[in-house]
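Breakdown of the fold
Okay, here's what each chain looks like letter by letter:
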Amino acid sequence: MNEPYKAHWFRYDRPAEIPLPGDFSQIVETLEILDAELASMLWADEKAPEV
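Reference entry: report on the structure contained in this document. Residue positions are counted from 1 within each chain, in the order its sequence is given. Totals for whole chains, interfaces and linings use all residues, but because this is a predicted model, local features are given only for residues with pLDDT of at least 70 and pairs of side-chain atoms are given and counted only at 80 or more. Where side-chain values are given, they derive from all heavy atoms of the structure, hydrogens and water being excluded.

Looking only at helices and strands, the protein has two helices and zero strands in total. Think of it in three bands: with a 1.4 Å probe and only protein chains considered, a residue is buried below 20% of the maximum accessible area for its type, exposed above 50%, and partly exposed in between. Burial analysis of the protein (51 residues in total) assigns 4% to the buried set. For the protein, the accessible area works out to roughly 5,300 Å², and carbon and sulfur atoms hold 59% of it. The way it works is that DSSP assigns letters per residue, a run of H or I at least four long becomes a helix, a run of E at least two long becomes a strand, and they are numbered from the N terminus. Each accessible area is a Shrake-Rupley result for a 1.4 Å probe, and residues are judged covered by the shown protein chains and nothing else.

A cluster of acidic side chains, namely Asp-23, Glu-29, Glu-32 and Asp-35, defines a negative patch on the protein surface. The residue Glu-32 is located in helix H2 (residues 24-42) in this model. Among the residues examined, Glu-32 registers a relative accessible area of 53% and is labelled exposed. Patch construction takes residues with relative accessible area above 30% that form no salt bridge. Like charges are linked within 9 Å, and nonpolar side chains (Val, Leu, Ile, Met, Phe, Trp, Tyr) are linked within 5 Å. Salt bridges are counted wherever a side-chain nitrogen of Lys or Arg sits within 4 Å of a carboxyl oxygen of Asp or Glu. Working convention for charge: Lys and Arg count positive, Asp and Glu count negative, and His plus the chain ends are omitted. Where a charge lies is defined by one atom per residue type, namely NZ (Lys), CZ (Arg), CG (Asp) and CD (Glu).

Looking now at a nonpolar patch on the surface. Among the surface-exposed residues, Leu-31, Leu-34, Leu-38, Met-41, Leu-42 and Trp-43 lie close enough to one another that they form a single nonpolar patch of about 600 Å² accessible area. Relative to the assigned elements, Leu-42 resides in helix H2.

With respect to the helices and strands, Ile-27 occurs in helix H2. The exposure class assigned to Ile-27 is buried, which follows from its relative accessible area of 15%. In what follows, residue pairs with any heavy atoms lying within 4.5 Å of each other are defined as contacts. Sequence-distant contacts of Ile-27, that is, excluding residues within four places in its chain, are made with Leu-20 and Pro-21.

Below, the structure is given as structure tokens:
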């Protein structure tokens, strides 16, 4: 946690839980897109590792 964030930690209310969409297929699709985008940025010059 960096210093500016620590200085304001108690200023903002944090939710007790984060609701997810009711459509699980939408969640999976979103995570797959995020995974592909991150893999292309992190392993642009090499083959992405097998999971």
